[in-house]
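Structural characterization, general
The lines below spell out each chain.
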Amino acid sequence: MKIIAKFISIIFHPLIITTYVLILLMAFNPYIFGAQQEKERVILVLLVFFSTFLIPGIAVALMKFIGLVDSFDMPDAKQRIMPYIACGIFYLWMFINIVHNPDIPFIFSAFVLGATVALFIAFIINIFSKISLHAVGAGGLVGIVVLILASNYSSGMLIDFPLFGTYELNVAAILMIVLILAGLIGSARLILKAHELKDIFSGFFLGFCTQFLAFIILFQWLN
């Protein structure tokens, strides 16, 4: 079980959720990305992956190399301070660069803003309690799918199964899948004894609510 839990924790690392959301939006409705061709969308995914996962990951690795953190799990809340600040700055930089880009849909800009706000709030909470960033990412993922469903950005997505043909999954079905994933992520962190139950619930609540907060703030700002 611990091996499975570790695997889930790795593939659903909170920093890679932003890349997953971008891919999910492209699968839902590629037309909201303006005139971008498939090659340009691939480049966009790579840029987001590098900016919100790989480069922050390298920054944390350098912190470990120079002794600012003992391990990537960072069990000590104090050792999470610098990684929180570094990741928050990278996410803020990403938001600033995409918010006025006409080829980037509003819903994705809102998600990045929500993730940025969640990171900085988690940084403050981390001073008093060890909140789960995995749960924050899972909550943000659920929140953005709810917003997609409520905002009518898409009615669903097509999935091609080689042996069974092409099927359409509506957004409600995707929401159910994402909720199950969120449960698996939280369970994995508990199995690994990385967090207590209160850390999971508070992280999920933070990630979920900041998506709605960011959506409202950005909508008011741009309109």
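Structure: above.
This text gives an overview of the structure that appears in the document. Just so you know, the residues in each chain are numbered from 1, in the order the chain's sequence is written. Only residues with pLDDT of at least 70 are given local features in this predicted model, and only at 80 or more are side-chain atom pairs given and counted; all residues enter the totals for whole chains, interfaces and linings. Processing note: side-chain calculations cover all non-hydrogen atoms of the structure and skip hydrogens and water entirely.

**As for the nonpolar core**
Only buried Ala, Val, Leu, Ile, Met, Phe, Trp, Tyr and Cys residues count toward a nonpolar core, and they belong to the same one when joined by side-chain atoms within 4.5 Å. We call a residue buried when its accessible area falls under 20% of the maximum for its residue type, exposed when it is over 50%, and partly exposed in between, using a 1.4 Å probe and counting protein chains only. If you look at the biggest cluster of nonpolar residues, it comprises 44 residues, and the most contacted ones within it are Val21, Leu22, Leu25, Ile107, Phe108, Ile144 and Val145. Secondary structure elements follow DSSP: runs of H or I of four or more residues count as helices, runs of E of two or more count as strands, with numbering from the N terminus. Of all the secondary structure elements, the ones that give two or more residues to this core are helix 1 (2-11), helix 2 (17-28), helix 3 (38-65), helix 4 (81-98), helix 5 (106-126), helix 6 (133-151), helix 7 (171-191) and helix 8 (197-222). Residue contacts are defined here by distance: any two heavy atoms, one from each residue, within 4.5 Å place the two residues in contact. In this view, Leu25 contacts Pro30, Ile32, Phe33, Ile107, Phe108 and Ile148; residues no more than four positions away in its chain are not counted. If you look at the next biggest cluster of nonpolar residues, it comprises 11 residues, including Cys87, Tyr91, Ala118 and Ile131.

**Some remarks on the packing of helix 6 against helix 8**
The packing of two helices is summarised by the inter-axis angle and the distance between the axes. All axes here are fitted lines through C-alpha atoms, helices being fitted over the stretch that makes contact, and every angle between N-to-C directions spans 0 to 180 degrees. One can describe the packing of helix 6 onto helix 8 by two numbers: an axis separation of 7 Å at closest approach and a directional angle of 35 degrees. Considering the relative orientation of helix 6 and helix 8, their crossing is right-handed. In this structure, helix 6 contributes Ala135, Val136, Ala138, Gly139, Gly140, Val142, Gly143, Ile144, Val146, Leu147 and Ser151 to the contact, and helix 8 contributes Asp199, Ile200, Gly203, Phe204, Leu206, Gly207, Phe208, Gln211, Phe212 and Phe215. When residue character is reported, Ala, Val, Leu, Ile, Met, Phe, Trp, Tyr, Cys and Pro are called nonpolar, Asp, Glu, Lys and Arg charged, and the others, Gly included, polar. Among the residues making up the contact of helix 6 with helix 8, the classes are represented as 13 nonpolar, 7 polar and 1 charged. For a crossing to be left-handed, the near helix must be turned anticlockwise from the far one by less than a right angle; the clockwise case is right-handed.

**Topic: unusual backbone geometry**
The backbone of Lys193 sits at a positive phi, close to 60 degrees, despite the residue not being glycine. By the element assignment, Lys193 lies in the loop between helix 7 and helix 8.

**Thoughts on the pattern of salt bridges**
We define a salt bridge as a side-chain nitrogen of Lys or Arg found within 4 Å of a carboxyl oxygen belonging to Asp or Glu. A full pass over the atoms with the stated rule returns 1 salt bridge. A salt bridge links Asp199 to Lys198; the shortest N-O distance between them is 3.3 Å. Lys198 sits in the exposed class, given a relative accessible area of 51%.

**What about the environment of Ala118?**
Relative to the helices and strands, Ala118 is located in helix 5. For the pair Ala118 and Thr210, spaced 92 residues apart in sequence, the C-alpha separation works out to 6.0 Å. For Ala118, the contacting residues outside a window of four places in its chain are Val136, Leu206 and Thr210.

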